Amino acid sequence: MTRLSVIATAALVLLGCSGSKAEAPEKYRVNMETSRGLVVIEVTRADAPRGADRFYDLVKAKYFDGARFFRVVPGFVVQFGLAADPALSKKFDVPIQDDPVKQTNARGALVFAATQQPNSRTEQLFINLADNARLDQIGFAPFGKVLSGMEFVDQITSEYGEQPDQGAITAQGNAYIEKAFPKLDFIKTATLAPAQ
């Protein structure tokens, strides 16, 4: 970590943006209304507590509302998590510590994406489109699963594959996407479901 990134992280800690602000419930559900239909995700905190807490914070902050599914690799993953508003992306672009892998990357599992470096998860996630157990050994820790609506996840357009530039999305948000990749599917809203 560079000196500048240490200073930036320290500043965000003081602002209350580092890691998760609140501990998530042991189990919770998120209703993700997408351009294809309703996807219900169930999160079990014990599976990956840090990931579950960050996702909880992101949903409460309405971070995903309007966000696009910007990377779709058929038979592998659907990725999302770059906010429609670049200011919101910056606010949550603070790494969280890794969780040990307790569940396998099965079809429908929700997982935080990361770079090759340890402890680099921020706000990008993916849903497994197939059983991807090979990701378990690399350290991708599932913390949730699609409870219903996997048929809508399967329908998310793969027309652009991995073409959208993640740096441009981070910097410009939906302004870039709407101009360059207008057919991308998106999240209308992501809200916490009432407690069961």
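Just above, that's the structure.
To start, this report covers the structure provided alongside it. Here the structure is a predicted model, which means the values were calculated and not measured. (Residues numbered from 1 in each chain as written. Predicted model: local features only at pLDDT ≥ 70, side-chain atom pairs only at ≥ 80, totals over all residues. Heavy atoms only, no water.)

Remarks on the overall build of the protein chain
- Along its length, the protein chain carries 7 helices and 8 strands.
- Looking at the protein chain residue by residue over its 196 residues, the buried ones come to 49%. (Helix = DSSP H or I, 4+ residues; strand = E, 2+ residues; numbered from the N terminus. Buried < 20%, exposed > 50% of the residue type's maximum accessible area, 1.4 Å probe, protein only.)

Notes on the pattern of salt bridges
- Scanning the entire structure with this criterion turns up 11 salt bridges.
- Measuring nitrogen to oxygen at the nearest pair gives 3.8 Å for the salt bridge that ties Asp-99 to Arg-50. Within this pair, whereas Asp-99 is found in the loop between helix 3 (86-92) and strand 5 (109-112), its partner Arg-50 is found in helix 2 (residues 49-60), the two being separated by 49 residues in sequence.
- Asp-99 gets classed as buried once you look at its relative accessible area, which sits at 6%.
- One salt-bridge network, in which partners are shared between bridges, spans Arg-50, Asp-98, Asp-99 and Arg-121. (Salt bridge = Lys/Arg side-chain N within 4 Å of Asp/Glu carboxyl O.)

Re the pairing of strand 2 (residues 38-44)
- When you tally the buried positions in strand 2, you get 6 out of 7 residues, the bulk of the element.
- Judged from the 7 bridges that link them, strand 1 (residues 27-34) and strand 2 form a sheet pairing that is antiparallel. Along strand 2, the bridge assignment pairs Glu-33 with Leu-38.
- Here strand 1 folds back onto strand 2, and the loop between the two strands holds 3 residues, one of which, Gly-37, carries a positive phi near 150 degrees. (Pairing = 2+ DSSP bridges.)

Topic: the nonpolar core
- With 34 residues, the main nonpolar core has Met-32, Phe-55, Phe-64, Phe-80 and Phe-143 as its most contacted residues.
- The element contributing the most residues to this core is helix 2, with 5 residues.
- Beyond its immediate sequence surroundings of up to four residues, Phe-55 is in contact with Tyr-28, Val-30, Met-32, Ile-41, Val-43, Phe-64, Leu-110, Phe-112, Leu-125 and Phe-143. (Core = buried A, V, L, I, M, F, W, Y, C linked by side-chain atoms within 4.5 Å. Contact = heavy atoms within 4.5 Å.)

Details of the sheet that holds strand 3 (residues 69-73)
- If you trace the 8 strands from one edge of the open sheet to the other, you get 3-4-6-5-7-2-1-8, paired in antiparallel fashion. Looking along the sheet, the strands with just one partner apiece sit at the ends: strand 3 and strand 8 (187-192). Strand-to-strand, the axes of this sheet are offset by a mean angle of 25 degrees, without reference to chain direction.
- The pairing of strand 4 (residues 77-80) with strand 6 (residues 125-128) spans 4 bridges and is antiparallel. By the bridge assignment, Gln-79 is partnered in strand 6 with Phe-126.
- Here helix 2 sits on the sheet and contacts strand 1, strand 2, strand 5, strand 6, strand 7 (142-148) and strand 8; the angle it forms with strand 1, its principal contact strand, is near 45 degrees. (Axes fitted to C-alpha atoms, helices over the stretch in contact; angles between N-to-C directions.)

As for helix 2
- The end-to-end C-alpha separation of helix 2 is 16 Å, in line with the 16 Å expected for 12 residues at 1.5 Å each.
- Burial within helix 2 is extensive, with 9 of its 12 residues counted as buried.
- Looking at helix 2, one finds that the buried residues are Gly-51, Ala-52, Asp-53, Arg-54, Phe-55, Tyr-56, Asp-57, Leu-58 and Val-59.
- The first or second residue beyond helix 2 is Lys-62, which carries a positive phi of 60 degrees. (Expected span 1.5 Å × (residues − 1).)

A look at the environment of Lys-183
- Inspection of the secondary structure puts Lys-183 in the loop between helix 7 (174-180) and strand 8.
- Counting along the chain gives 25 residues from Lys-183 to Ser-158, while the straight-line C-alpha distance between them is 9.6 Å.
- Discounting chain neighbours no more than four positions away, the residues touching Lys-183 are Thr-157, Glu-159 and Tyr-160.

Side note on the side chain of Arg-121
- You can see Arg-121 is positioned in the loop between strand 5 and strand 6.
- Once you skip the residues sitting within four places of it in the chain, Arg-121 turns out to touch Arg-50, Gly-51, Val-94, Pro-95, Ile-96, Gln-97, Asp-98, Asp-99, Phe-112, Ala-113 and Ala-114.

A look at unusual backbone geometry
- Phi is positive for Lys-62, which is not a glycine, with a value near 60 degrees.
- Mapping Lys-62 onto the fold places it in the loop between helix 2 and strand 3.
- Phi at Asn-119 takes a positive value of approximately 55 degrees, unusual for a residue other than glycine.
- On the secondary structure map, Asn-119 appears in the loop between strand 5 and strand 6.

The analysis is restricted to geometry; functional conclusions fall outside its scope.
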